[in-house]
Amino acid sequence: MSVFDLIDDLGEEEESLTETKFVSPVFHTDIVATWVKGFVHKLKIPFTDPGWYRIHPIDMFNAEIVGEADFIQREQYLKKLPKVRIILISKQKDFHIGIPLKNNAHGLSIENTIPVFLVDDIPSLFDTVICGFDGSSFWYNDIDIKNDPAKCDFMRNSFENGADPTKSRFKA
Amino acid sequence: MTQNQEQDIRLQMLNSFLSCPHRDTDQIKRIHSELQSKDPVFYAHLASWYRKNGDIRDHMEVFASMLIIDSYHENREVGLAIFQQVPTFMKTRVLGFIKGKKVKIRHKTGRKKKIKGGKTIDDVNIEEKMVGLYKNPPTAFKREIKQYLRYLEADNKRFDSVAVRNARDLKTLYASMRIRPSRRANDILFHKKYPKDSGLNVFEEILNAKSSKKIARLIVENKVPYTTAVGLIEKITPSILVALINNMSPQELMNNLASLEERGALNNKQTRELIESKIEKVKKSKNVSALKGKQAKKTGRIKDASVSSKIDEVSDEQVKKRGTVKLPTAIFVDRSGSMRTAIEMGKSCAALVSGATEAPLYVIAFDSMPMEIQAKGNKTYSDWERAFIPVRPGGSTSIGCPLKALGDSNVYVEQIVIITDGGENAHPTFVSEYSRYANKMSVRPNVVIIRVGNWYEQFASNLKRSGIDTEIYTPQGTDYYGLPGLVQILSRKSKLDLLMEIMNTPLVHRKKYSNVAPDPKYKNDVSRKVLV
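Treat the numbers as computed from the prediction; the structure is a model and nothing was measured.

Quick notes on the rules
- Residues numbered from 1 in each chain as written.
- Chains lettered and ligands numbered in written order.
- Predicted model: local features only at pLDDT ≥ 70, side-chain atom pairs only at ≥ 80, totals over all residues.
- Helix = DSSP H or I, 4+ residues; strand = E, 2+ residues; numbered from the N terminus.
- Rg over C-alpha atoms; globule rule 2.2 N^0.38 Å.
- Buried ≥ 20, exposed ≤ 12 C-beta atoms within 10 Å, placed from the backbone.
- Contact = placed C-beta atoms within 7 Å.
- Pairing = 2+ DSSP bridges.
- Axes fitted to C-alpha atoms, helices over the stretch in contact; angles between N-to-C directions.
- Parallel < 35°, antiparallel > 145°, perpendicular 65-115°, else oblique.
- Left-handed = near helix turned anticlockwise from the far one by under 90°.
- Nonpolar A, V, L, I, M, F, W, Y, C, P; charged D, E, K, R; others polar.

### Things to note about the overall build of chain B
Broken down by element type, chain B carries 25 helices and eight strands. In terms of C-alpha radius of gyration, chain B reaches 26 Å, essentially the compact-globule figure of 24 Å for 532 residues. In terms of principal-axis extent, the alpha carbons of chain B reach across some 85 × 60 × 40 Å. Taking all 532 residues of chain B together, the buried fraction comes to 42%. Considering only intrachain contacts with a sequence separation of at least 6, the fraction spanning at least 24 residues in chain B is 74%.

Laid out in structure tokens, this is it:
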């Protein structure tokens, strides 16, 4: 395939972008991204509240918000992203902070905290949640039901009682 | 002047090739001028050798400038020949250096700052400084510039292809030397009026084009250079990105690999093929900084395994071009207290030499005991980085202990590189172990000392007093532009071999321009006032 064929191919795909709609999480930004044959293509949207939205590209560079995405659309979006399990350790104004589980597939360090966006359930402190990772942000998906709730209780109690973390040991 | 002093100046010069002044050419002006005045013949040969083998443009700029104003006719010819061979932007730099110019020097503050889009970059302070020789350009130089400009003017296509990328440099050459441009050159450069036959009309077409497909096609069809095209485009779409990748030079591609990956260019099969085929071409390219790829990898932004391994291949291939180390070599890395810089330098040297060696290489870190470091896999920079993880600074310094370990294991080496500050304070000492090793293995290895940190003179003078053939280099910083120069040094059997090779390099000569436009005459021209 020559460069010109590739350009034509991508050009047609770009032009047909206005006929499509896509779902995207939005968190205090006016930029959303979509794929065009594997390429990341960014579009500008009007500022809006954080949430999951259906987006419609108006032209190559701008898009409008059609409405909020429903649960199924959100699930479909998150299904495509690799999953990361994160233990929530604090709640900020409109996002949570957590630490990834030790043996995560992305090699994320447990020494650094990471923000978790768009948490719409009400998880408790030290709950493990499943997030979708798009390469730069962690989007909340669900609470990890496989996690032992007794472990979370133990950590919460230890935290409230001011126990020494180096000596606290959970016995299953 | 003693023989020793003469050697020191040459050595200092070779030393300076190991570090890059990053546009602050005043830093290297003194050493160039000293060598030029003391040994002008050697200086001219060194310039010719550096033109062929050198990496750092700042040195090339100073070589050409110093030789152009040299009082020896032969040396002036070499300077003008180098000037003739360098690209247009370098011609302007040489002219600026002779006349004196203002340069902007960027200093990293060590802090990071966030920019638009959430990216984190190094915070820099920009310092403006005057550098140069502050001399009047000689007439021969002016004539050479004039010939070059007339040569460009003689062929419209040739002129346009240079003007598309170097319009500002061409303007400087015309204006600074008061050379009258042809009418066409005057219109293009000074009035931005592009004739109908000019390829530069494409700029306007790109600015007026409405679909990104058309912009992309125009960029590819007219071979608009990447740097120029990026300035013309408001926003980059996938099709435009493909056009830009197609027009990138090998160095530009290496510089932008991480950003291309982030934009998803590697997710598309055809674009990946295009990028990989371009990386293959980088291997053969002459104008690529050897360790650029490794540096790009060090940032951790390139995550694609296949591209990453290709970058290693490219870097190794580029390093090999600087020379092949054919002698069995040992690298001793000082890991004693506060020798963090030596460890960092050791990693880079090991990665660099292992990519360019055809003979066995032994890397040993030492304090008062030796510790052999072995990289697994392809012995790339990241492999060496992993291998150096357990090496931490601390303890006393016995530079003889790694040599003793080599002797005890009957390991034969002909070259020893010691990265140290020379603060030897524990036994066995290097001098005592050297004679023992030489007797046992029947070889007297060359010793290359790379001094780091606050170095002690004592160690090097002990070696010289004991008759050990020693070369000392003191690179300023450990930046990747200068480091490949180390391979050039290690690939020769001794410093004398390198100096002989330099002296045997034929001087560069000027070539006659094949086709030169006549001087423009505007005697009866109404627009004369504008043009004069």
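### Focus: the pairing of strand E7 (residues 96–100) of chain A
Residue and element names in this part refer to chain A. The side-chain alternation of E7 yields one buried face, formed by His96, Gly98 and Pro100, and one unburied face, formed by Ile97 and Ile99. As paired strands, E7 and strand E8 (residues 114–117) are joined by three bridges and run antiparallel to one another. Note on E8: the bridge partner recorded for isoleucine 97 is proline 115.

### Structural notes on the interface of chain A and chain B
At the interface, 17 residues of chain A touch 20 residues of chain B. Looking at the side of chain A that touches chain B, the elements with two or more residues in it are helix H1 (3–15) and strand E3 (39–44) of chain A. Counting residues per element, the side of chain A that touches chain B draws most heavily on H1 of chain A, at eight residues.

### Considerations on the environment of asparagine 439 of chain B
Along the polypeptide, asparagine 439 of chain B turns up in helix H21 (residues 430–441). Between the alpha carbons of asparagine 439 of chain B and glutamate 234 of chain B there is a distance of 70 Å; along the sequence they are 205 residues apart.

### Considering the packing of helix H14 (residues 250–262) of chain B against helix H15 (residues 269–284) of chain B
For any two helices packed against each other, the geometry is given by the interaxial angle and the distance between the axes. All names here are of chain B. In contact at an axis separation of 9 Å, H14 and H15 are set at 140° when each is read in the N-to-C sense. Taken together, the axes of H14 and H15 lie oblique to each other. Crossing hand, H14 versus H15: left-handed. Contacts between H14 and H15 involve Pro250, Leu253, Met254 and Leu260 from the former and Ile275, Lys278, Ile279, Lys281 and Val282 from the latter. Within the contact of H14 with H15, the residues separate by chemical class into seven nonpolar, no polar and two charged.

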